[in-house]
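Spelled out, the chains give:
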Amino acid sequence: QVQLVESGGGLVQSGGSLRLSCAASGTIAYINAMGWYRQAPGKPRELVATIPTGGNTNYADSVKGRFTISRDNAKRTVYLQVNSLKPEDTAVYYCNIVARTYFGADYNNYWGQGTQVTVSS
C-alpha cells in the first residue's frame, strides 16, 4: 500500500502565499518523479509542476516564476511553494508520485486525496 498525505491548502487573498506538502509512505521501494496537479471546478485536471529524481523541474506556463517545486528524498516529501496567488489558481491540488513498491518491478502512478486552495480577489 502507498499513501500520500497532503497538507497546506487554505483560503488566501490574491497576492498571498502558501506552502503545500505531500508525504509519501507505505511499501515504497523507490520514487521516481514527484509532482503537483490541480483541478478547478468544471475543468480537467492539469499539470502544475513536476520534479524527477535527477532534478530538472517542469512547470506549467501559468505558474512559472510564481510556484516552486522541491523534494526531500529522505522524507519522501514533495513541496510546492505558491506565491503571488491569483483567483484563477483556485483549485484542488493533488500530489502525484511515480513509484515502485517492494512487491513488483513496475512503476505506477499514485495520487493524494487533494488539498483545496482558494484565492479571494
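Residues numbered from 1 in each chain as written. Predicted model: local features only at pLDDT ≥ 70, side-chain atom pairs only at ≥ 80, totals over all residues. Heavy atoms only, no water.

Asks: Just checking my understanding: could you explain the state of the cysteines for this structure?
Replies: A full pass over the atoms with the stated rule returns one disulfide. Between the sulfur of Cys22 and that of Cys95 lies a disulfide, 1.9 Å long from S to S. Taken as a pair, Cys22 in strand S3 (residues 18–26) and Cys95 in strand S9 (residues 91–101) lie far apart in primary sequence, 73 residues in all. Each member of the pair, Cys22 as well as Cys95, carries the same accessibility label: buried. (Disulfide = S-S within 2.5 Å. Helix = DSSP H or I, 4+ residues; strand = E, 2+ residues; numbered from the N terminus. Buried < 20%, exposed > 50% of the residue type's maximum accessible area, 1.4 Å probe, protein only.)

Asks: Would you mind showing me how to read the side chain of Arg66 here?
Replies: As for its position among the elements, Arg66 is in the loop between strand S6 (58–59) and strand S7 (67–72). A distance of 2.9 Å separates a polar atom in the side chain of Arg66 from the backbone oxygen of Ser84. Within polar-contact distance, the side chain of Arg66 engages the side chain of Asp89 at 2.7 Å. The contact partners of Arg66, leaving out residues within four places of it in the chain, are Gln81, Val82, Asn83, Ser84, Leu85, Lys86 and Asp89. (Polar contact = N/O pair within 3.5 Å; in protein donor to acceptor, adjacent residues only side chain to side chain. Contact = heavy atoms within 4.5 Å.)

Asks: In this structure, what is going on with the sheet that holds S3? I would like to understand it.
Replies: The strands that make up a sheet are held in pairs by hydrogen bonds between backbone atoms, and each pair lies either parallel or antiparallel. As summarised here, the arrangement of the four strands in space is S1-S3-S8-S7, forming an open sheet in which the pairing is antiparallel. Of all the strands in the sheet, the pair left with one neighbour each is strand S1 (2–7) and S7. Here the average twist between neighbouring strands, direction ignored, is 15°. Strand direction decides the pairing type here: S7 and strand S8 (residues 77–82), joined by six bridges, are antiparallel. Its bridge partner lying in S8, Thr68 is registered against Gln81. (Pairing = 2+ DSSP bridges. Axes fitted to C-alpha atoms, helices over the stretch in contact; angles between N-to-C directions.)

Asks: Just checking my understanding: could you explain the nonpolar core for this structure?
Replies: One broad trend across soluble globular proteins is that nonpolar side chains are buried collectively. Membership of the largest hydrophobic core comes to 31 residues, with the highest contact counts inside it found for Trp36, Leu80, Tyr93 and Ile97. Within the residue set of this core, elements represented by two or more residues are S1, S3, strand S4 (28–39), strand S5 (46–51), S7, S8, S9 and strand S11 (115–120). Here this core takes five residues from S9, the largest share from any one element. Discounting residues that sit within four places of it in the chain, Leu80 has contacts with Leu18, Arg19, Leu20, Trp36, Val48, Ala49, Phe67, Thr68, Ile69 and Tyr93. (Core = buried A, V, L, I, M, F, W, Y, C linked by side-chain atoms within 4.5 Å.)

Asks: Help me understand the pattern of salt bridges in this model?
Replies: Side-chain pairs of opposite charge can arise whenever the charged atoms involved come near each other. All chains considered together, the criterion is met by four salt bridges. When the shortest N-O distance is used, the salt bridge between Arg38 and Asp89 registers 3.0 Å. You can see Arg38 sitting in strand S4 and its partner Asp89 sitting in the loop between S8 and S9, a full 51 residues away along the chain. Across this residue pair, the class does not change: Arg38 and Asp89 are buried. One salt bridge connects Asp61 with Lys64, and the closest N-O pair in it is separated by 3.1 Å. We note that Asp61, like Lys64, is exposed. Residues participating in the shared-partner salt-bridge network are Arg38, Glu46, Arg66 and Asp89. (Salt bridge = Lys/Arg side-chain N within 4 Å of Asp/Glu carboxyl O.)

Asks: I tried to follow the packing of aromatic side chains on my own but got confused; where do I start?
Replies: Each aromatic ring pair is described using two quantities: the centre-to-centre distance and the angle formed by the ring planes. This structure, assessed with the given rule, holds two aromatic pairs. Ring geometry for Tyr30 versus Tyr107: centroids 6.3 Å apart, planes at 85°, classification edge-to-face. Remark: Tyr107 occurs in the loop between S9 and strand S10 (108–111) and Tyr30 occurs in strand S4; sequence separation between them is 77 residues. Assessed through its relative accessible area of 38%, Tyr107 is described here as partly exposed. (Phe/Tyr/Trp six-rings, centres within 6.5 Å; stacked < 30°, edge-to-face > 60°.)

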